[in-house]
Amino acid sequence: MDAPMTDHLSTVRHVILVLSGKGGVGKSTVATQIALGLKHAGKKVGLLDVDLCGPSIPKMFNLEGSDVHQCPEGWLPVYMDKEQTLGIMSIAFLIENTDDAVVWRGPKKNAMIKQFLSDVVWRDIDYLIIDTPPGTSDEHITVIESLKSYCPDGALLVTTPQGVAVGDVRREMTFCRKTGIPILGIIENMSGFVCPCCGEITNVFSKGGGESLAQQSHVPFLGCIPLDPMLAASLEEGKDFMEHYTQSPTFAALDNVIQRLIAVDKDF
Amino acid sequence: MSDIPENAPEHCPGTQSEDAGKASACQGCPSQAICSSLPKGPDPAIAEVSKKLGCVKHKIIILSGKGGVGKSTFTAHLAHGLASDEEQQVAVLDVDICGPSLPKIFGVEGEQVHNSGSGWSPVYVNDNLSVMSVGFLLSGPDEAVIWRGPKKNGLIKQFLKDVDWGDVDFLVIDTPPGTSDEHISVVQYLSEANVDGAVIITTPQEISLIDVRKEISFCRKVNLPIIGIVENMSGFVCPKCKTESQIFPPTTGGGEQLSKDTGIPLLGRLPLDPRIGKCCDEGKSYLTEVPDSPATQVFVDIIDKIKTHCSKSRSQRESDTGEAMDQS
């Protein structure tokens, strides 16, 4: 593979992909919270959104309408803080009207992703989190092909507990095995809803699907994230959940995943 | 529409013209070789598809920009609801190539598709309900379909022109999330086949509505009529204390506001009922398993509205084309 002129990814220490065969299971949510958690742990983080048809990351940071700036080295990501410890890149920053659809076939999407991977100036960040669309198609193949020479740390698989979602995640695992991406573990999201009135726990999307899948396929299980209306509300408002709700069980579940990722960094 | 590119040389005959690449204006044009070698006119598959689907009375596409909002769940229950009338033949096509969920939701996982002289036979769930999905072509539940766009398009084309549906009243097409290859292909191949319209599924929160607005502008771009919006996972009623919680809060007004802003009718709001997901995992129909629940009532209302829309759009088409009414 021909290396780009200035190699912006060579200064990135860890690359982590967030994958799921199924849509709407919380890939972007998990990617966002992990990026925030790592930032609070004092790491420098980049977050790349390669979901070109349905970019959600800018909204989750309340950064809709921000512009990407061009510098001599390439594109500068949009930073959520003044200290520039968390940079974000998404196609939503490049579209003028948020209602406009990106009606692109594969080759055009691939070219855009390659540009994201080669032209964004991440500088010396500790973690690059890549959020992907559902499926095992163009976007995924392109990301993995382009990242091969940088040896990404691996993929976090997100699922919801019900059988229909787990089925798609099984296919995603096959994809990881075929393409040689290590699986860091499975996260079960939307795992049970605590009624704010009576405290009764209801498994809205059943229970345990992620854990049993992890056991069957000998992949680490990274924990259950409960269905938490506060998390959904924080994302809607672009509020930093990891800063405001440190007492909630949802925070504990997410923090567990983040600690594992930090441990990866120490081994390095 | 003109097929002359904006940056074409003067007197360009147009890329679809018989003279493309051969006219004197083409001399020196960088695209000359492409123009003269590519096949002319629309893809012949479009005509084949509309001929094949000529015996299908109504075609409905289920869309959503966002994943996991319940497209497949809704598709399955719409099909079950339509098929509860034994006189009606219902067919379901799953064009979600990378994440086919319908075989599981219909409880026909592991079934095989048979090939006969008249094409591929779909898998029958009931006497009057048939399904076609890439899930039936895979060897096991772990097998991934790692395909780029062109290969997915090829399979969708084959699904549309080679599946032997027989005489069908309703064909419901379930799609993956997004506005990319699968969607462009389906709409293109069906462009001559009189689609009744699209049903757009959303959940109440803004994160989902952002993507759904994109899907609506996609439909407008490709001239696909929209039957209406369905808001799924609307509110959750605690089974113990009956308090309703908004798990996915409609911070910007949810489907109702979207419907007002876009002028597209809101067909209904489906509550979040854990039994719906459970029925999908077990391959059963929620409508017959829990016939007396509020969600079933909403499903039935929505299905009635879609039926009414379809019969209207058919009589509209017939009066437009002067085609004789089919009384069968």
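Everything that follows concerns the structure shown earlier in this document.
Here we summarise the structure given alongside this text. (Residues numbered from 1 in each chain as written. Chains lettered and ligands numbered in written order. Predicted model: local features only at pLDDT ≥ 70, side-chain atom pairs only at ≥ 80, totals over all residues. Heavy atoms only, no water.)

## Section: helix H1 (residues 27-40) of chain A
Residues and elements named next belong to chain A.
Reasoning step 1: In a regular helix each residue adds 1.5 Å, so 14 residues correspond to 20 Å; H1 covers 20 Å between its end C-alpha atoms and thus fits that length.
Reasoning step 2: Of all 14 residues in H1, 13 are buried, a share of seventy percent or more.
Reasoning step 3: Residue Gly42 follows H1 closely and has a positive phi angle near 90°. (Helix = DSSP H or I, 4+ residues; strand = E, 2+ residues; numbered from the N terminus. Expected span 1.5 Å × (residues − 1). Buried < 20%, exposed > 50% of the residue type's maximum accessible area, 1.4 Å probe, protein only.)

## Side note on the sheet that holds strand E1 (residues 14-19) of chain A
Residue and element names in this part refer to chain A.
Reasoning step 1: Pairing in this open sheet of eight strands is mixed, and the strands run E5-E6-E2-E7-E1-E8-E9-E12 from one edge to the other. In this open sheet, the two edge strands, each paired with only one partner strand, are strand E5 (78-79) and strand E12 (221-224).
Reasoning step 2: Along the sheet, helix H4 (residues 138-147) contacts E1 and strand E7 (127-131); its crossing angle with E1, the most-contacted strand, is approximately 165°.
Reasoning step 3: Along the sheet face, helix H5 (residues 163-179) touches E1, strand E8 (154-159) and strand E9 (183-188) and points at about 170° away from the line of E8. (Pairing = 2+ DSSP bridges. Contact = heavy atoms within 4.5 Å. Axes fitted to C-alpha atoms, helices over the stretch in contact; angles between N-to-C directions.)

## Some points on the pairing of strand E9 (residues 226-231) of chain B
Residue and element names in this part refer to chain B.
Reasoning step 1: With respect to burial, E9 is a largely interior element, six of its six residues being buried.
Reasoning step 2: Two elements, strand E8 (residues 197-202) and E9, share five bridges in a ladder whose sense is parallel. Looking at E9, one finds that Ala198 is bridged to Ile226.
Reasoning step 3: Between the parallel pair E8 and E9, the chain is carried across by helix H7 (residues 206-221), and the sense of this crossover is right-handed.
Reasoning step 4: Bridge count between E9 and strand E12 (residues 266-269): three bridges; the pairing is parallel. Considered in E12, the bridge of Glu231 is made with Arg269. (Right-handed = clockwise from strand over helix to strand, strands pointing away.)

## Re the layout of surface pockets
Reasoning step 1: Each pocket or cavity is described by its volume, and for the largest pocket that value is around 440 Å³.
Reasoning step 2: Taken together, 28 residues form the lining of the largest pocket, with Gly167 and Arg170 of chain A together with Lys104, Glu109 and Pro141 of chain B sitting closest to its centre.
Reasoning step 3: Of all the secondary-structure elements, those providing two or more residues to the lining of the largest pocket are H5 and helix H6 (209-216) of chain A together with helix H4 (102-105) of chain B.
Reasoning step 4: At seven residues, the largest contribution of residues to the lining of the largest pocket is made by H5 of chain A.
Reasoning step 5: By residue class, the composition of the lining of the largest pocket is nine nonpolar, twelve polar and seven charged. (1 Å grid on protein atoms, 1.4 Å probe; cavity = no way out; pocket = protein on both sides within 12 Å on 5 of 7 lines; lining within 4 Å. Points joined across faces, edges and corners; volume = space filled by probe spheres on them. Nonpolar A, V, L, I, M, F, W, Y, C, P; charged D, E, K, R; others polar.)

## Overview of the pattern of salt bridges
Residue and element names in this part refer to chain B.
Reasoning step 1: Counted according to the given criterion, the structure contains 22 salt bridges over all chains.
Reasoning step 2: Residue Glu48 pairs with Lys161 through a salt bridge whose shortest N-O separation is 3.6 Å. With a gap of 113 residues between them, Glu48 in helix H2 (residues 44-52) and Lys161 in helix H5 (residues 149-162) connect regions that are remote in the sequence.
Reasoning step 3: Given the relative accessible area of 41%, Glu48 is considered partly exposed.
Reasoning step 4: The closest approach of N and O atoms between Arg269 and Glu231, which form a salt bridge, is 3.2 Å. In this pair, Arg269 sits in strand E12 while Glu231 sits in strand E9, placing the two residues 38 residues apart along the sequence. (Salt bridge = Lys/Arg side-chain N within 4 Å of Asp/Glu carboxyl O.)

## Re the interface of chain A and chain B
One frequent convention defines the size of an interface as the accessible area lost when the parts assemble.
Reasoning step 1: Listed as interface residues are 58 residues of chain A and, on the opposing side, 56 residues of chain B.
Reasoning step 2: When chain A packs against chain B, close to 4,600 Å² is buried across both sides, 58% of that on carbon and sulfur atoms.
Reasoning step 3: On the chain A side of the contact with chain B, Arg105, Arg171 and Glu236 of chain A bury the most area, a combined 16% of that side's loss.
Reasoning step 4: Our count for the chain A to chain B interface comes out at five salt bridges. (Buried area = accessible area lost by both parts, 1.4 Å probe.)

## So, the packing of H5 of chain B against helix H6 (residues 181-189) of chain B
The angle between the axes and the distance between the axes are what describe a pair of packed helices.
All names here are of chain B.
Reasoning step 1: Relative orientation of the contacting elements H5 and H6 amounts to 35°, with a least axis distance of 9 Å. Crossing angle aside, the handedness with which H5 passes H6 is right-handed. Across from Gly149, Lys152, Asn153, Ile156, Lys157 and Leu160 in H5, the residues of H6 making contact are Asp181, Glu182, Ser185, Val186 and Tyr189.
Reasoning step 2: Here the contact of H5 with H6 is built from residues that sort into four nonpolar, three polar and four charged. (Left-handed = near helix turned anticlockwise from the far one by under 90°.)

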